[in-house]
Amino acid sequence: MFGFFSRFFAPAWRHPDPKRRRKAIDDLDSEQNRAALEHLLDDSATQVRDAALLKLDDPERFIERLEHQQNDVIQARLIKHLNGSAAGALSLETRQKLLETLSEPALLKTVAFNADNQQLRLTALERLRDESDLIEQACHNKVAAVRHAAAQRVESNQGLEQLIKLSTRDRNIVRLARNRLNERQQNARELKARHEQREYCIGLIEKLARGSWEPQYEARHRHVLREWDQLASEADADQSARFKAAHHQCEETIRAHYNAQLAAEEKSRAETEEREARTATIEALDNALDHLKREPHPRRQDIDSLLALRRLQAERWINLSEDNAPAPSVQARYLERLATIDSLVNTWQTLDEHRTQIEQALDQSDMDALATHRQAIDWPREYPLPLLLQEVDTALATHAAPNTDTASDDEARAESEHIAKQAEQLEQLIESGELQSATRLFDALQARHAKLDAQFQKKHAAHIKRLKARIAELRDWRSFVAAPKREHLCQAMEELAHSDEAETNREQRHRQLVSEWKQLGSAAASRELSQRFRSASDQVRKNLEGYYQHLDQQRTLNKQYCEALCNQLEQLIDNADQLADPDALRTIRNKAREEWRTYSPLPREHVATLRHRFGLALQGVQTLIDQKARGIAEQKQALVEEAEQLLTDERDIEQRTRIAKDLQKQWRSLGRAPKGDEQRLWKQFRSVCDRLFEWRDNERTTRKGAQDQQLDALQALIDRVDQWHPTRLEDSAYLDQVEQELEEYQPLPRGRRSEGMLKRWNGIVRRRREELDSLANDELKQRWHAWQPLLEAHVEADEARMQGDTFEDVASLTLEPPLTKQAQRAHQARNLNRRHGTPTEDDTLQRLKVHLALMANAPISADDNDRRLDIQVARLNDNVGQEYQLSDEFSQWLCQLIATGPVTRTQWARLKSELDQLVTQLDFHQ
């Protein structure tokens, strides 16, 4: 029973039947029955929930419901609220907040197309993310600011191409899209070109890294580095890694070259020092021996000093010879000095051994003992005798037999010593197998020996006899060896006589066989073999008679060529140019030597004369080269001093390096100085230039770091401005501020990056200015809509005045945007016209309409042609000498419209609809 009554007396919106509940909702009031409607939002029936939601008419609840379930009716109601077309329209701020919570593209697109406020459309546009939606807005939206904002957000090339094709109502968007597309394509081409430049630069350094060292290697490496420094900022990781690897390889090659050069210089220096040390060692020994020669008589301390010096220098020589063996000639000189010193020391020791006996013999005047001791002590003749030996020689000379000729005795002794030396030479010749020289020397030795006194003959007789036997043995051996050799030479000469070889080869072979035959001398010689060899040789000469004639002619021609060559060199010397390049003279000298070698053979009777003449000519050319080279050395020394002054110069390092480059050009143009001076001066000059270029590179690195920081800061500013979009006219102050901030970064460093950043900056600023212009122009159109209440109030007052009713001046209303000063004056003028003026004629209002149609480029009827011409003439006169702005003309027209009156309601109603249509067609960007 209770349940029945409760259902019977319950309100209809609680009825169990969903249809009854749905019907009951139509009778509920959204304010008084709000609790019931909110309760029905959770009803089990979908139609009840939707009806309750529509009855509450709450946009926030609409959004919540649409997030979970799509409903066309609710969506349409929500769009009306957002567009401002629903009853009890929400405030602009509320609608913007609601839009910020939306994410459904369809709703946002509808609001962007149909909203009654430009800012609301822009807010909906900002929520759109799909590029196709943005393209649709940019092409078909009726508000220019929305179209431009949408076009600005189209980023892809395909999207920009669609804008160019589809945007038929806004030429500015087509131009903007085309410019952006062209800019992107140009940027892509520039990026591709810079990428190709980087690849080319990497290819150069990789090729350089694979190559070996050559004189221009380091200069090419520095050139590639300078090229890369201008391109490295945009390089990717792979390119940077490849360039870095090749750069390290080049540095390794340069370092290896310098290490090898340093090692070679170190080796050369070590060899020079070693050579100088060896020379110093030999000179020390020579000086000691020369000092001993200048002494009147050697003393024990002299011999001891000589022996100590010998030991010291021997140790030094051994140390020098541990790594490198000395040259044979230097070694021979050193051993010769040691042998001399050893001979002196050994003889002195012999003297010490006989000193006591010699002194006793001197005391006892025992001449025989003195002679015996003196013969045992063989003191070198080129050195002064010790004092004791001088006493011995004096005693022997003083106590000599009266009938003995002292001079003859000395000559015999000298001859005996000479024979002894010749005997030693003879032994060396026998050992080396030189039979002919040994035979001639033995014959001379026998002749000398026969002239000696009996006592000296007896002394050398046994030795000479042994040498004679050895010569005979050598002769027998040579004959044994030479017999088959002579037979072989005869056979070779006979074969050559019948040979068909080239004449040149036969002539050379003939001379070789004759030389070998002569070298055999008389060993195994016989009349038959000699005749046989001579006959074959004569046959060869007979066969080569034509060749010999040709050779004589060639010798004559060579003689003429050589004489001409000598004449040219002599004329060059006699007429030497003061500005002649020594390198050119060196080339002439080297080519002259090469030509001389080609002009061979020469006539035998002229060889010596021509060689002497050619040698003198070359010597003269070399003198010229030395003179010019010394002059070049002086000039290069001046360049070195000038370069060294740059190290302390206070000018900019870039300027100093440019001067150094000019000095390098002068250096290369001068030619070569003498070899030693050239290397020394080049080392000094290069060291100075390297220091200057190193300072320049360091300063460039520092400056580049500062420039990079400056460009990074500018990049941050550009990114900040790129992300910023003006939303009101007052934002122009911010744009002016950032443009002033840009001035702080001026001047920018030169380069592609700076140019690209400035180009991007100018594009961004231009677009932001266009956005501000769009805001300003949209504000002009908003004035038309916002100032409608004022115009309506004036029309009401005008209507009351013309009907004779009581009227008052229209007060200044609170409008958004507010009236400008010019509009205030027009408002006051309208009030005055209403009190004292006459009703406005239709022609005046029609003239205002035609003026607006001209500004909107709208068609004008033929009846209004006269008015159109008058207005056009007036517009031309007003704009003479100044830049035309459609926005200024529209502001003046709007003020003129406000001031025009009194106007009847009928006139205004007929005019207002036409003016509304024309205002929508205005395009302030044209």
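Residues numbered from 1 in each chain as written. Predicted model: local features only at pLDDT ≥ 70, side-chain atom pairs only at ≥ 80, totals over all residues. Heavy atoms only, no water.

**Notes on the overall build of the protein**
Moving on, step 1. Each helix and strand in the protein was counted, giving 37 helices and 0 strands.
Moving on, step 2. Across the 926 residues in the protein, those meeting the buried criterion constitute 37%.
Moving on, step 3. For the protein, long-range pairs separated by at least 24 residues make up 70% of all intrachain contacts whose partners lie at least 6 apart in sequence.
Moving on, step 4. As presented, the protein carries roughly 54,700 Å² of accessible surface, and 48% of it is formed by carbon and sulfur atoms. (Helix = DSSP H or I, 4+ residues; strand = E, 2+ residues; numbered from the N terminus. Buried < 20%, exposed > 50% of the residue type's maximum accessible area, 1.4 Å probe, protein only. Contact = heavy atoms within 4.5 Å. Areas by Shrake-Rupley, 256 points an atom, 1.4 Å probe, with all protein chains shown as cover.)

**Brief notes about the nonpolar core**
Moving on, step 1. Counting residues in hydrophobic clusters, the biggest one holds 33 residues, and the most contacted among them are W784, L852, F890, W893 and L897.
Moving on, step 2. Mapped by element, the contributors of at least two residues to this core are α31 (752–786), α32 (788–802), α33 (821–836), α34 (842–856), α36 (886–899) and α37 (905–920).
Moving on, step 3. By residue number, the principal contributor to this core is α36, which donates 8 residues.
Moving on, step 4. Contacts of W893, omitting those with residues within four sequence positions, involve W784, L848, H851, L852, M855 and L915.
Moving on, step 5. By size, the runner-up hydrophobic cluster in this structure holds 28 residues, among which are Y334, I358, A369 and L388. (Core = buried A, V, L, I, M, F, W, Y, C linked by side-chain atoms within 4.5 Å.)

**Quick word on empty space enclosed by the protein**
It is a probe the size of a water molecule, rolled over the atoms, that shows where empty space is left.
Moving on, step 1. All chains considered together, the criterion is met by 1 cavity of 30 Å³ or more.
Moving on, step 2. Quantified by volume, the largest cavity comes out at close to 50 Å³.
Moving on, step 3. Lining of the largest cavity is provided by L791, V795, R830, L845, L897, T900, V903 and W908.
Moving on, step 4. Of the residues contributing to the lining of the largest cavity, the split by class is 6 nonpolar, 1 polar and 1 charged. (1 Å grid on protein atoms, 1.4 Å probe; cavity = no way out; pocket = protein on both sides within 12 Å on 5 of 7 lines; lining within 4 Å. Points joined across faces, edges and corners; volume = space filled by probe spheres on them. Nonpolar A, V, L, I, M, F, W, Y, C, P; charged D, E, K, R; others polar.)

**Details of the packing of aromatic side chains**
The description of an aromatic ring pair rests on the distance of the ring centres and on the angle between the ring planes.
Moving on, step 1. In the structure shown here, the tally under the stated rule is 9 aromatic pairs.
Moving on, step 2. On the basis of an interplanar angle of 50° and a centroid distance of 5.8 Å, the ring pair of W667 and W682 is categorised as tilted. Within this pair, whereas W667 is found in helix α28 (residues 653–670), its partner W682 is found in helix α29 (residues 675–723), the two being separated by 15 residues in sequence.
Moving on, step 3. The class of W667 is buried, set by a relative accessible area of 6%.
Moving on, step 4. W682 sits in the partly exposed class, given a relative accessible area of 37%. (Phe/Tyr/Trp six-rings, centres within 6.5 Å; stacked < 30°, edge-to-face > 60°.)

**Here we look at the pattern of salt bridges**
Moving on, step 1. Summed over the entire model, instances satisfying the criterion amount to 32 salt bridges.
Moving on, step 2. Two residues, E252 and R255, come together in a salt bridge whose shortest N-O distance is 2.8 Å. Remark: R255 and E252 occur in helix α15 (residues 237–294); sequence separation between them is 3 residues, near one turn of the helix.
Moving on, step 3. Of the residues examined, E252 reaches a relative accessible area of 44% and is grouped as partly exposed.
Moving on, step 4. Here E678 ties to K636 by a salt bridge, and the two come within 2.9 Å at their closest N and O atoms. Taken together, the residues E678 in helix α29 and K636 in helix α27 (residues 604–648) connect sequence positions 42 residues apart.
Moving on, step 5. Ionic contacts of the salt-bridge type, sharing partners, join the residues E654, E699, R700 and R703 into one network. (Salt bridge = Lys/Arg side-chain N within 4 Å of Asp/Glu carboxyl O.)

**Describing the confidence of the model for the protein**
Moving on, step 1. This prediction gives the protein a mean pLDDT of 76; 79% of its residues lie at or above 70.
Moving on, step 2. Per-element confidence in the protein ranges from a low mean pLDDT of 43 for helix α1 (residues 2–9) to a high of 86 for α28.
Moving on, step 3. Across residues 66–73 the pLDDT falls below 50, and counting only partners more than four positions away or on other chains, this stretch makes 10 contacts in the model.
Moving on, step 4. Between residues 401–407, whose pLDDT stays under 50, and residues either more than four places distant or in other chains, the model counts 0 contacts. (pLDDT = per-residue confidence, 0-100.)

**Things to note about the side chain of R589**
Moving on, step 1. Tracing the backbone through its elements, the reader meets R589 in helix α26 (residues 582–598).
Moving on, step 2. We note that R589 is buried and unpaired, the nearest opposite charge coming from D626 at a distance of 6.5 Å.
Moving on, step 3. The contacts of R589, once residues within four sequence positions are left out, are L618, V621, Q622 and I625. (Lys, Arg positive; Asp, Glu negative; His and termini not counted.)

**Topic: the packing of α32 against α37**
Moving on, step 1. Where α32 contacts α37, the two axes come as close as 9 Å, and the packing angle between them is 150°. For the element pair α32 / α37, the angle class is roughly antiparallel. Contacts between α32 and α37 involve Q788, L791, E792, V795, E796 and E799 on the former and, on the latter, R905, W908 and K912.
Moving on, step 2. Among the residues making up the contact of α32 with α37, the classes are represented as 3 nonpolar, 1 polar and 5 charged. (Axes fitted to C-alpha atoms, helices over the stretch in contact; angles between N-to-C directions. Parallel < 35°, antiparallel > 145°, perpendicular 65-115°, else oblique.)

**Here we look at the packing of helix α12 (residues 157–166) against helix α13 (residues 171–210)**
Moving on, step 1. For the pair α12 and α13, the least separation of the axes is 8 Å and the interaxial angle reads 150°. When you trace α12 past α13, the crossing you get is left-handed. Contacts between α12 and α13 pair N157, L160, E161, L163 and I164 from the former with I173, V174, A177, R178, R180, L181 and R184 from the latter.
Moving on, step 2. In the contact of α12 with α13, the residues fall into 7 nonpolar, 1 polar and 4 charged. (Left-handed = near helix turned anticlockwise from the far one by under 90°.)

**As for the side chain of K559**
Moving on, step 1. Topologically, K559 is positioned in helix α25 (residues 545–574).
Moving on, step 2. Of the polar contacts made by the side chain of K559, one reaches the side chain of E563; its length is 2.7 Å.
Moving on, step 3. Sequence-distant contacts of K559, defined by excluding residues within four places in its chain, comprise L602, P603, H606 and L610. (Polar contact = N/O pair within 3.5 Å; in protein donor to acceptor, adjacent residues only side chain to side chain.)

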